[in-house]
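Below are the chains, spelled out letter by letter.
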Amino acid sequence: MGTILYDIVVQPLVFVIDLAFSLAYRLLANPGLAIVVVSLVVNAICTPLYAMADARQEEERARQKKMERWVSHIKRTFSGDERFMMLNAYYEEQGYKQWYALGSSVSLLLQIPIFMAAYSYLSGLEVLRGASFLMIDDLGAPDALLAVGGATINLLPIAMTVLNVVSSAIYTRGLPLKDKAQPFVLAGLFLVLLYNSPSGLVFYWTCNQVFSLVRNVVTKVARPSARTVAIASQTCLVAAVVALVAQGVVRTPKRAIALVALVVLVELVLLRSRHADREASADRADPAADPAAASSAPTTPTREFVLAALLLAALVGLLVPTALMVSSPVEFVAACSPATPLSYVVHVLCVAVGFFLLWGGVFFWLAPDRTRAGIARAWWMLAGVCLADYFVELKSLGVINTSLVFDERPLYSGAEQLISVVIVVAVGVGMWLVWQRARKVVAPVLTILLVTLVGMSVPRIVSIKASTDEARRAAEAGAKTENRASGRLFDENGDPLPIIKLSRTNKNVMVLFLDRGLSCYVPYMLNERPELAEQFDGFTYYPNTISFGEYTVMGSPAVYGGYDYTIPAMNARDDELLVDKHREALLLMPRLFSQAGYTTTMIDGPDVDYHYVGTSFPAMETVEGATYYHAAGAYNEHSLGTHSSQSKARFGRNIVYYSLFSVAPAFVRSGIYNRGRYLEPRARAGYPTTFLNHYSTMQMLPTITTVDEESAGNLILFDTEETHEPTLLKLPDYTLESTTDEEVAEDYGRFTLDGVTIRMDSETRLSHYHVNMAAFLMLGDWFDRLRELGVYDNTRIIIVSDHGRGLGQLDSLLVEGLIDGETYDAEWVNPVFLVKDFDAHGFTTSDEFMTNADTPSLALAGIVDDPVNPDTGNPVSMDAKGAQDQIINTSRNWNLQNQRGTVFDTSDGVWVSVHDNIFDANNWSYIGEELQ
């Protein structure tokens, strides 16, 4: 309940502050100036709110003063229950309720959540750590501006308090003593709370006090004309700009323009202060003084406001996030772990309700009647525009992953942005006309739309809940299963156990499955880091390799099971469920190696029992000496520090911005998306949860590897999605960093090798390269550890992936005119494939045509003679590769929920074939939509 209340009351304000800071920081590249902007924005928003609150307070004081004589008389004359009854009778006669007394505390009540929001955001802001501004050395720490002996004194909180006291003294002039005490007590409380806080937070609150002081002088003392206010604000801001330039803060024209914008913003704040005070004063006039005006005033549109606010909340907080997560609920279950996807839906819904209904309602409640009508009309028009932006698709945005990053950056042409402007204007004008000419239909229309959106969302919620429950049951079943197939990762003390056990005297075989590992990067990675060639000593690199599908569900079965588990081969067995055939493929090597006396260790696995996160693999019980470990995410606390918790917080933040992105006009979407950062300040790094879960496991490989002298041989099947979740890492070592610059210092020269340049001109391409390089660097460290243990030479290692990615990076992989005259990017089906045999040395490259279905045959070679698939009776060999062209399907129907039948649903793809050399376009052929 506490979290829900916080999300409703405080989080909307946090997002307002976050939005203001992020935009200001992107423009100014200076955290101190960004804080000034945040203070200006908050004051601009709150000025009319405080003015209206002051009006309410004065009304309450006037009402109490009017009743004071008789209330005092009753209290002097009566006591006990009699006094209570007489006071209630008097209040009832005067039409007064005792809770009206809260009206005198409205300003205080407003300041509390605003303070909480600022404290929550600025006290932990990464970009402030180590950043200096003017005389402050570190905005992320107390200012310590004065040193006395061996002690330091924080001056900024003291200055803030002095300003607060002066401002309060002006504000409370002429008020009773009991009303004067409140702001001074609050000033003292802020001094205590903020004295040892980061100076960035205190600087923000000090700016607030400066603006509060100026506002009070403008509204309570001087009451100057608008012209005078404008001249004064311009003079002050010009002086401030000159001072900042002198300090060297402004170095570029862009920042100078931004400071001019600050001048305008301050001027608007001050002018609004004066206008808001006049408006509030006018509103305090007694309506009874002009009965004709009161009788002709329009009815307050409370119902329309509430319905419009609920509609906006349902759209932003319910429909958009449920539509996102229902596209692949099981995958989001994995990404959101240990929370559930619905908890994030509740989070977005609470923030939306808080923003549109609660805080919109605060403005609505405090505003005079004429302003209330304007607020209700604005909410009605906003609802229409947001609905149009969401449902009128200007272009397909493509596939989005669980990190809320699109495969292709959503960009809109000038024409598309113009169309978006036309739509916004047309819908806005139409909504305004309806309000003006047919006000009676507004409430019914809003009700129908609200019921429709909720009705669309409920089935999605049910689907997400069902998937969450299914995943939870599978996890609980795995946790409760106590058998030899379920491996423990930690001992009684919580220390990692050595789960990868290798023999020094007998042979070991490793199959390292790098999900979405990209083959074309290998030469460039070795060129960038020549030491990798030594660490990968003995490996043969096969660039001329294909997979049979573009996604894991179709590309991974052949990796584990060979040619019996290509897409056509699995479809041919149309009387068996795909999930059962996939399970067979995963078990093929463990079963055959078990017959040779080998023990098997499987660490994670692709789509185990058609779960994105296979927390258990009960079928392993049937294999003698086999153990399954679910390691993804288990080692986060041991190797990631705070990165894991930061990732969850980042997802909770970004999903709110994703909802706003989805309902925003196309001409601002790219700015909100901000290359997948969703307006996040540049110095704040964040990494996808799935990436971190697998990155931590790869970091732990040297630690969890040991020697088993008694072993007769070991098969290690290791699956990682570290390469599947592209993200930019810290150069030059491709590691995690708590802070990183947005403009990564890339040396693009390293992407040209032997006259061939691989395209790295987008963040999507760069981030794919980064995670692949990180994986190879960590594997290199692990291989060094294997050498230390004396088990490298007697270990056969196969590095393979299930598919590639169509990033258009190499011309040699672009097959022109293959499908309906269009170019096909064969990088989709060009998986990484490297093999190191026993006692092999040197790093070589082979042009031999390979497929990832060759993996089982290469793994079993020399260990099991003439291996046979126990489920199909077919030999496990590579003969099928030379017997015919290899058939590939281009379907991108990757969702496991859509592949629950007996044959793959490939209706969105086509069939193509290739033979011998994938880099020769003449070797590719188009088969068609149906496989004959």
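Basis of the calculations
Residues numbered from 1 in each chain as written. Predicted model: local features only at pLDDT ≥ 70, side-chain atom pairs only at ≥ 80, totals over all residues. Heavy atoms only, no water. Helix = DSSP H or I, 4+ residues; strand = E, 2+ residues; numbered from the N terminus. Buried < 20%, exposed > 50% of the residue type's maximum accessible area, 1.4 Å probe, protein only. Contact = heavy atoms within 4.5 Å. Areas by Shrake-Rupley, 256 points an atom, 1.4 Å probe, with all protein chains shown as cover. Pairing = 2+ DSSP bridges. Axes fitted to C-alpha atoms, helices over the stretch in contact; angles between N-to-C directions. pLDDT = per-residue confidence, 0-100. Salt bridge = Lys/Arg side-chain N within 4 Å of Asp/Glu carboxyl O. Core = buried A, V, L, I, M, F, W, Y, C linked by side-chain atoms within 4.5 Å. Phe/Tyr/Trp six-rings, centres within 6.5 Å; stacked < 30°, edge-to-face > 60°. Lys NZ or Arg CZ within 6 Å of the ring centre and 35° of its normal.

Right, let's get into the overall build of the protein. Helices and strands together make up the secondary structure of the protein, namely 29 helices and 21 strands. Looking at the protein as a whole, 54% of its 932 residues qualify as buried. Looking at the protein alone, contacts between residues at least 24 apart form 80% of all its contacts between residues at least 6 apart. Carbon and sulfur atoms make up 58% of the accessible area of the protein, which amounts to about 39,100 Å² in all.

Strand order across the open sheet formed by 8 strands is β8-β7-β10-β4-β13-β16-β5-β17, with mixed pairing between neighbours. Of all strands in the sheet, those with a lone pairing partner are β8 (626-629) and β17 (844-845), marking the two edges. Of the pairings in the sheet, the one linking strand β13 (residues 795-800) to strand β16 (residues 833-836) comprises 4 bridges and is antiparallel in character. Residue pairing across strands places V800 opposite F833, the latter belonging to β16. Where helix α20 (residues 552-561) meets the sheet, it contacts β4 (508-514), β7 (599-603), β10 (714-720) and β13, and its direction lies at approximately 175° from that of β4.

This paragraph deals with the pairing of β13. Most of β13 is tucked away, with 6 of its 6 residues classed as buried. Here β13 shows no split at all, with T795, I797 and I799 on one side and R796, I798 and V800 on the other all buried. Sheet topology note: the β4/β13 ladder contains 6 bridges and is parallel. Looking at β13, one finds that L512 is bridged to I799.

Omega for the bond connecting L731 with P732 falls within 30 degrees of zero, at 5°, which places this linkage in the cis form. Note that P732 resides in the loop between β10 and β11 (752-753). Positioned with a positive phi, Y734 is a non-glycine residue whose angle comes to about 55°. Among the secondary structure elements, Y734 is positioned in the loop between β10 and β11. Phi at D839 is positive, roughly 60°, even though this residue is not glycine. Using a relative accessible area of 54% as the deciding quantity, one classes D839 as exposed.

Attention now moves to the confidence of the model for the protein. Taken over all residues, the pLDDT of the protein has a mean of 83, while the share at 70 or more is 81%. A low-confidence stretch, residues 243-251 (pLDDT under 50), is modelled with 14 contacts involving residues beyond four sequence positions or located in other chains. Note that pLDDT drops below 50 for residues 738-744; the model gives that stretch 20 contacts with residues more than four away or on any other chain.

Turning to the environment of D920, a few remarks are in order. Along the chain, D920 turns up in the loop between β20 (911-914) and β21 (924-928). The spatial distance from the C-alpha of D920 to the C-alpha of L814 is 9.7 Å, given a sequence separation of 106 residues.

On to the pattern of salt bridges. Counted by the stated rule, this structure contains 19 salt bridges. Across the pair E550 and R892 runs a salt bridge whose closest N-O atoms are separated by 2.6 Å. You can see E550 sitting in the loop between β6 (545-546) and α20 and its partner R892 sitting in the loop between β19 (886-889) and β20, a full 342 residues away along the chain. Taking relative accessible area as the criterion, E550 reaches 0% and is therefore assigned buried. For R892, a relative accessible area of 38% puts it in the partly exposed group. Salt-bridge contacts for K881 lead to D854; the nearest nitrogen and oxygen are separated by 2.9 Å.

The next thing to look at is the sheet that holds β19. Here we have 3 strands laid out as an open sheet, ordered β19-β20-β21, and antiparallel in their pairing. Each end of this open sheet is capped by a strand with a single partner; those strands are β19 and β21. Going across the sheet, the axis of each strand differs from the next one's by a mean of 30°, ignoring polarity. Taken together, the 4 bridges between β19 and β20 define a ladder with antiparallel strand orientation.

What follows deals with the nonpolar core. With 84 residues, the main nonpolar core has I500, L779, F783, I799 and W924 as its most contacted residues. Per element, the largest residue contribution to this core is 14 residues, and it comes from helix α27 (residues 763-789). What I500 contacts, discounting residues up to four positions off in sequence, is M510, I603, L701, I704, T705, T706, I716 and W782. Formed by 57 residues, the second largest nonpolar core is a distinct cluster that contains L312, L318, F406 and L446.

Summed over all chains, the structure comprises 36 aromatic pairs. Both rings, one in F539 and one in F783, keep their centres 5.5 Å apart while their planes meet at 25°; by these two values the pair is stacked. Here F539 is found in strand β5 (residues 539-541), whereas its partner F783 is found in helix α27, with 244 residues between them in sequence. Residue F783 is classed as buried on the basis of its relative accessible area, which comes to 0%. Aromatic pair F783 and Y792: ring centres 5.9 Å apart, planes at 55°, arrangement tilted. In this pair, the class of F783 matches that of Y792, namely buried. Put simply, the rings of F536, F539, F776, W782, F783 and Y792 touch in pairs and so form one group of aromatic residues. The ring of Y792 has R787 sitting right over it, with the charged end atom 4.0 Å from the ring centre. Its end group placed over the ring of Y792, K836 keeps NZ or CZ at 4.5 Å from the ring centre.

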